[in-house]
Amino acid sequence: LSSPEDLAEEADQFLHECYTELGLAAELPERRRAVAAAIEADGTYDHTFAELEYGVRVAWRNSSRCIGRLYWRSLKLRDRRAAATPVRIAAECVSHLRAATNGGRIRPTITVFAPDRPGRPGPRIHNEQLIRYAGYHVEDGGVVGDPRNAALTDAVRALGWYGHGTAFDVLPLVIEAPGYRPYVHVLPRDCVLEVPLSHPRHAWFAELGLRWHAVPAVSDMCLEIGGLHYPCAPFNGWYMGTEIGSRNLADAGRYDLLPTVAANLGLDTGSERTLWRDRALVELNLAVLHSYEQAGVTIADHHTESQRFLKHVDKEERAGRACPAEWSWIVPPLSGGATAVFHRYYDEDAGGGPNFVRH
Ligand code: HEM
Ligand SMILES: N=C(Nc1cccc(CNC[C@@H]2CCCN2)c1)c1cccs1
């Protein structure tokens, strides 16, 4: 929560940018007075739907680590600021997943719940994404499933949740709202679309029994607009294949599958110089792209997404805006130098305004 002085300043700055960019400057003087009066009286104010819709789209546009920003104008807002109980919030997260999944034709969507108010923080979702796989500690010290989610898995088991013990058990949502105990909500299977992974040329790949979920939906970031903080604002896009093929399934601290894929490819893993890791990565990424396409689920390859991003940078400059970007996040984690985004610098600083901030 911003201090009253900062809030008034940030609110005023936001209103000016919002009404100017939307061509509603005539309404600005009256709106500024009303917001200043609300902050004076209550220490806070309410965004109109139009202000919130503009705010979430610009927050995406300002996300300097995001390669997918070309379509920032098409973000769909689900305004659920009135949903204040964990049960209602859980139900809205389920309907968010259904609406965003859209049978595989994924729609970039954000659901905004109540903001922090003086003396009453907004609700929070403890999961880093709406869909995450459990990570179970096992005797030999290893983890079955996604080690990244082992702590959350321990926490929900302590709250009485049971999983099947497989490597791809979908975790329940853990929702915290002021005045309520943490609420554990199991996601209905029909709102979690998954893709079984196979390879276009290697039949053994399907036998590995790998899968991943269709929709990436980040739920652990705080949306900041005009001095208001929305701590619960889950948003989804579609995956870029490298996120799954080069990080989630490949990282040593995640599913660590490069040795398995390399062995099945018959590669010599005895020396780094055989580039067995690199060859395993390409086949794993190829399997991901192939499987999502087979399943009719939207996914982006890192070459196409890089080209789209550079088109976005160009459009922003022609609109008279600097596009903030962090090279180390924008350049994909596979074949960086072979993608268009590698071969240039970026301006890292987002000049204030709406943004997503990690808690
Ligand atoms: C539509 C397709 C989209 C694609 C392909 C895409 C792609 C990506 C990728 C690959 C990353 C880096 C993630 C990582 O390495 O962990 C990223 C980061 C990010 N994206 Fe996008 N994105 C898309 C849509 C969106 C939308 C709709 C929003 C919000 C409304 C968004 C907000 C962000 C933010 C805030 C980050 C930085 C996350 C952090 O700091 O941890 N993106 N995006
Ligand atoms: N494609 C996506 N990927 C994405 C975007 C933002 C954040 C994340 C999760 N980042 C956390 C991971 C885990 C380690 C390093 N990055 C994924 C999207 C998620 C939500 C909208 S688009």
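Report follows, based on the coordinates. (Residues numbered from 1 in each chain as written. Chains lettered and ligands numbered in written order. Predicted model: local features only at pLDDT ≥ 70, side-chain atom pairs only at ≥ 80, totals over all residues. Heavy atoms only, no water.)

## Focus on the overall build of the protein
Phase 1: Helix and strand counts for the protein stand at eleven helices and 16 strands.
Phase 2: Computed over the C-alpha atoms, the radius of gyration of the protein is 22 Å, within 12% of the 21 Å expected from 2.2 N^0.38 for a compact globule of 359 residues.
Phase 3: If one aligns the C-alpha atoms of the protein with their principal axes, the spans along those axes are about 70 × 50 × 35 Å.
Phase 4: Sequence separation of at least 24 residues holds for 67% of the intrachain contacts in the protein that already meet a minimum separation of 6.
Phase 5: Total accessible area on the protein is roughly 17000 Å²; 52% of this is exposed by carbon and sulfur atoms.
Phase 6: When the 38 positive and 46 negative side-chain charges of the protein are each reduced to one mean point, those points stand 5 Å apart. (Helix = DSSP H or I, 4+ residues; strand = E, 2+ residues; numbered from the N terminus. Rg over C-alpha atoms; globule rule 2.2 N^0.38 Å. Contact = heavy atoms within 4.5 Å. Areas by Shrake-Rupley, 256 points an atom, 1.4 Å probe, with all protein chains shown as cover. Lys, Arg positive; Asp, Glu negative; His and termini not counted. Charge placed at Lys NZ, Arg CZ, Asp CG, Glu CD.)

## Thoughts on the coordination of the iron atom of ligand 1
Phase 1: When only protein atoms are considered, the iron atom of ligand 1 has one donor, Cys66 (SG), at a distance of 2.4 Å.
Phase 2: With respect to the helices and strands, the residue Cys66 is situated in the loop between α3 (49–61) and β1 (76–79). (Donors = N, O, S within 2.8 Å, 3.2 Å for Na, K, Ca; no water.)

## Quick notes on the packing of helix α7 (residues 241–248) against helix α9 (residues 276–294)
Phase 1: Here α7 crosses α9 at 140°, and the two axes come no closer than 9 Å. Where α7 crosses over α9, the handedness of that crossing is right-handed. Residues Gly241, Thr242, Ile244, Gly245 and Ser246 of α7 form the contact with α9, whose own contacting residues are Leu281, Leu284, Asn285, Val288, Leu289 and Tyr292.
Phase 2: For the contact of α7 with α9, the residue count by class is six nonpolar, five polar and no charged. (Axes fitted to C-alpha atoms, helices over the stretch in contact; angles between N-to-C directions. Left-handed = near helix turned anticlockwise from the far one by under 90°. Nonpolar A, V, L, I, M, F, W, Y, C, P; charged D, E, K, R; others polar.)

## Concerning the sheet that holds strand β13 (residues 235–236)
In a beta sheet, neighbouring strands pair by backbone hydrogen bonds and run either parallel or antiparallel.
Phase 1: Taken together, four strands build an open sheet; the order of strands is β1-β2-β13-β10 and the sheet is mixed. Looking at strand neighbours, the two that pair on one side only are β1 and β10 (217–218), the edges of this open sheet.
Phase 2: Where β1 lies against strand β2 (residues 109–112), four bridges are found, and the strand directions are parallel. Across the sheet, the residue bridging to Asp79 is Val112, located in β2.
Phase 3: Of the strands in this sheet, β1, β2, β10 and β13 are in contact with helix α4 (residues 86–101), which crosses β2 at around 165°. (Pairing = 2+ DSSP bridges.)

## Observations concerning α4
Phase 1: Compared with an ideal rise of 1.5 Å per residue, which puts 16 residues at 22 Å, α4 spans 22 Å between its outermost C-alpha atoms and is within 8% of the ideal.
Phase 2: Taken as a whole, α4 has its buried residues at Pro86, Ile89, Ala90, Glu92, Cys93, Val94, His96, Leu97, Ala100 and Thr101.
Phase 3: Just downstream of α4 lies Asn102, where phi reads positive at about 50°. (Expected span 1.5 Å × (residues − 1). Buried < 20%, exposed > 50% of the residue type's maximum accessible area, 1.4 Å probe, protein only.)

## Section: the site of ligand 2
Phase 1: All residues adjacent to ligand 2 are Gln129, Arg148, Pro216, Val218, Phe235, Asn236, Gly237, Trp238, Tyr239 and Glu243.
Phase 2: The backbone of Trp238 places a nitrogen or oxygen atom 3.0 Å from a nitrogen atom of ligand 2.
Phase 3: Contact distances for ligand 2 include 2.5 Å between a nitrogen atom and a side-chain N or O atom of Glu243.
Phase 4: Alone, ligand 2 offers 520 Å² of accessible surface; in the complex the protein occludes 71% of this.
Phase 5: Spatially, ligand 2 is embedded in the largest pocket.
Phase 6: Looking at the shell around ligand 2 residue by residue, the class counts come to five nonpolar, three polar and two charged. (Near = heavy atom within 4 Å. Polar contact = N/O pair within 3.5 Å; in protein donor to acceptor, adjacent residues only side chain to side chain. 1 Å grid on protein atoms, 1.4 Å probe; cavity = no way out; pocket = protein on both sides within 12 Å on 5 of 7 lines; lining within 4 Å. Sits in = over half its atoms within 2 Å of the grid points.)

## Some words on a negative patch on the surface
Phase 1: Taken together, the side chains of Glu5, Asp6, Glu9 and Glu10 present a region of like negative charge at the surface.
Phase 2: With respect to the secondary-structure elements, Glu10 resides in helix α1 (residues 4–21). (Patch = residues over 30% accessible without salt bridge, like charges linked within 9 Å, V, L, I, M, F, W, Y side chains within 5 Å. Salt bridge = Lys/Arg side-chain N within 4 Å of Asp/Glu carboxyl O.)

## Considerations on the environment of Ser246
Phase 1: Topologically, Ser246 is positioned in helix α7.
Phase 2: Setting aside its immediate chain neighbours within four residues, Ser246 contacts Asp251, Leu281, Asn285, Pro333 and Leu334.

## Here's the deal with the pairing of β2
Phase 1: Alternating positions in β2 separate into two faces, Thr109 and Thr111 on one and Ile110 and Val112 on the other, with burial throughout.
Phase 2: Where the polypeptide runs from β1 across α4 and back to β2, its parallel neighbour, the crossover connection is right-handed.
Phase 3: Both β2 and β13 contribute to a ladder of two bridges, which runs antiparallel. Within β13, the position partnered with Thr109 by the bridge is Asn236. (Right-handed = clockwise from strand over helix to strand, strands pointing away.)

Any functional reading would require information that these geometric values do not contain.
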